[in-house]
Structures are given as structure tokens and as C-alpha cells.
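Observations on the model geometry
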Amino acid sequence: MPAKLSVNLNAVAMLRNRRDLPWPSVTALGRIALEAGASGLTVHPRPDQRHVRFSDLQPIRDLIDDEFSETEFNMEGYPNEEFLRLVETHEPEQVTLVPDDPAQATSDHGWDFRKNHNLLGSVVGRLKKKGFRVSLFADGDEDAEALRIARETGADRIELYTGPYGGCYDDPEKAEKIAAELARTAAIAASLGLEVNAGHDLTVANLPLLVKHVPNIAEVSIGHGLTADALEYGMAETVRRFRRACGQAV
């Protein structure tokens, strides 16, 4: 099955937040994305609310429940108590746990599963009791022992951090090498019973090579590149372009 596309709305929210005005509307653009065939919406509500605000979460939940019940809400964040309470309030279908420091501009590495085994085991257990699918941000470094620990936490999926791959936009040879490494990591994860998501710096240009190497990607979550393209092509056409890049028939 081709990878599903979840549209990350953080960059839309960041543009809105430049002014104390209600546009661009996060929910309106989320609606356009879902109408164009996106399989879900992703948000990362950081503690400082510099991107998606906590007040955005219920309208996005309502949008999916009321108009697009076959799609999913994915909330990602560092699992402090504030984030976990937001998750329990807004009940996303998927929770993606990332090891972000609040000062980071964006997610830029996967979990150190050895160091954070106990933390993640406790948090994943709490989330699974509530019925959420849980994905853990992971580096694509073929570390089988680390992935076994990720599985032991009870997580359902990993999300491959594809930042290094996205950074090879001007180096095809290096991109091919990293895509092959990601494929081997994904194969290890699958052998352990973990499904595989992917995200960070993915574009229409680099998605085809990635999904060719890693055909078992269940979902890609894309924000920055998709929002940039939406300024040129419009949100609906951009979603269709990304779906085609994922291998979907559009």
C-alpha cells in the first residue's frame, strides 16, 4: 500500500502567528488538505505555542470528527505532563513522541532508546491504556538493539527521522546512500513488529526515491515543504502532488 499523507499544520500556524489575526486559518487549510485526499492532520503543540496553539487543538479535532471521520489526528510532542494532558483531552488517533528540547527550532534527532527506556515505557503504557496508537521518533541508523528497546516500550510504530535525507537535495549520491540506510532500519523495525512512519524535510522531489527504498512506510507527516509548495500551487493541488509522490493514484 502506498504511504498515507498526514499534513503537518505547524508552518501554517507559524505564518498566522506573525500577526495577531485569524488568518491564514489553520482549520480552513486543514479542511482543504483533507478534501484533497490527505489521510490526516498533524500538529506539534510546543510549550511556548510558537506554532500551533493549544486553542487550535479542539477545532482540528472537531473538523475531523464532524467532516472527515475516516481520517486521523496525529499529535506529536515531548511527553511532559502538559503534553500528555493535551493528548488525553483531544484524543488523537496517533501520538508521536519526540525528544525535543523546548528551545529547539524543530525536531532534529530521534530518541536515545537506551537512555530513555524507562521514561518511554511508562508514557507509552499510559497512552496505550487510553487506546492511542503510539509512534516514537527514531534515527535511521540501523541500530537493532535500540529498535528492540523501542518495541519493548509497547509502541506501535517508529517515525524515521528523515532530516539528513532531506538535506541531500543537492547530492543525489548521498541521498541514495541514506535512503538505503533508512530502508535497512525500516526492515529491522518491521521484523520486530513495528510499523514505520517517516517525516522531516520530505518534498515532492525526494519522496519517490524514499518510498522506492522503503515500501513499508505506513505514513509520512509533512509540513514545511508542503506549506512552501502550497504558496505556489495552492493547498489542494499541493496535497495531490504529494500524494502522487507517495505513490498514490490521484
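Conventions used here
- Residues numbered from 1 in each chain as written.
- Predicted model: local features only at pLDDT ≥ 70, side-chain atom pairs only at ≥ 80, totals over all residues.
- Heavy atoms only, no water.
- Helix = DSSP H or I, 4+ residues; strand = E, 2+ residues; numbered from the N terminus.
- Rg over C-alpha atoms; globule rule 2.2 N^0.38 Å.
- Buried < 20%, exposed > 50% of the residue type's maximum accessible area, 1.4 Å probe, protein only.
- Contact = heavy atoms within 4.5 Å.
- Areas by Shrake-Rupley, 256 points an atom, 1.4 Å probe, with all protein chains shown as cover.
- Arc of directions from axis to C-beta.
- Pairing = 2+ DSSP bridges.
- Axes fitted to C-alpha atoms, helices over the stretch in contact; angles between N-to-C directions.
- Disulfide = S-S within 2.5 Å.
- Parallel < 35°, antiparallel > 145°, perpendicular 65-115°, else oblique.
- Left-handed = near helix turned anticlockwise from the far one by under 90°.
- Nonpolar A, V, L, I, M, F, W, Y, C, P; charged D, E, K, R; others polar.
- Core = buried A, V, L, I, M, F, W, Y, C linked by side-chain atoms within 4.5 Å.

Labelled according to an unreviewed UniProt entry, the chain appears under the name Pyridoxine 5-phosphate synthase, originating from Ensifer adhaerens.

**Description of the overall build of the chain**
When you go through the chain residue by residue, the secondary structure sums to eleven helices and eight strands. Expected size for 250 residues packed as a compact globule is a radius of gyration near 18 Å; at 17 Å, the chain falls within 12% of this value. In terms of its C-alpha atoms, the chain occupies a principal-axis envelope of roughly 45 × 40 × 35 Å. A burial count over the chain gives 51% of its 250 residues as buried. Put simply, of all contacts in the chain between residues at least 6 apart along the chain, 67% involve residues at least 24 apart. Taken as a whole, the chain presents about 11,200 Å² of accessible surface, with 50% of it coming from carbon and sulfur.

**Let's talk about helix α4 (residues 81-90)**
Residues of α4 that are buried: Phe83, Leu84, Leu86, Val87 and His90. With its buried residues spanning 155° around the axis, α4 presents them on a single face. Residues of α4 that are exposed and point more than 90 degrees away from the buried face comprise Arg85 and Thr89. Contact partners of the buried residues in α4: α3 (54-67), β3 (72-77), β4 (94-97) and α5 (117-129). Within two residues after α4, Glu91 carries a phi angle of roughly 50°, on the positive side.

**What about the sheet that holds strand β8 (residues 217-222)?**
Within a sheet, each strand pairs with its neighbour through backbone hydrogen bonds, oriented either parallel or antiparallel. Ordered in space as β1-β2-β3-β4-β5-β6-β7-β8, the eight strands form a closed barrel in which the pairing is parallel. Across the sheet, the mean angle from the axis of one strand to that of its neighbour is 25°, orientation sign disregarded. The sheet contact formed by strand β2 (residues 40-43) and β3 spans four bridges and is parallel. For Leu41, the partnering residue across the bridge sits in β3 and is Phe73. Sheet strands touched by helix α8 (residues 172-191): β6 (157-161) and β7 (195-199). Its angle to β6, the strand with the most contacts, is close to 170°.

**Re the state of the cysteines**
In a disulfide, the sulfur atoms of two cysteines are held together by a covalent bond. This model, assessed by the stated rule, comprises zero disulfides. Looking at the unpaired Cys168, the closest cysteine sulfur is the one in Cys246, lying at 19 Å. The exposure class assigned to Cys168 is buried, which follows from its relative accessible area of 5%. Of the residues examined, Cys246 reaches a relative accessible area of 3% and is grouped as buried.

**Side note on the packing of α3 against α4**
Packing of α3 against α4 brings their axes to within 10 Å, and their N-to-C directions diverge by 25°. The angle between α3 and α4 falls in the class roughly parallel. The element α3 and its partner α4 pack so that their crossing is right-handed. Seen from α3, the contacting residues are Phe54, Leu57, Gln58 and Arg61; seen from α4, they are Glu82, Leu86 and His90. Grouping the constituent residues of the contact of α3 with α4 by class yields three nonpolar, two polar and two charged.

**Focus on the nonpolar core**
Leu97, Leu136 and Val220 are the most contacted members of the largest nonpolar core, which has 75 residues in total. Residues within four places of Leu97 in sequence aside, it is in contact with Gly77, Pro79, Phe83, Trp111, Leu120, Val123, Val124, Leu127, Val134, Ser135, Leu136 and Phe137.

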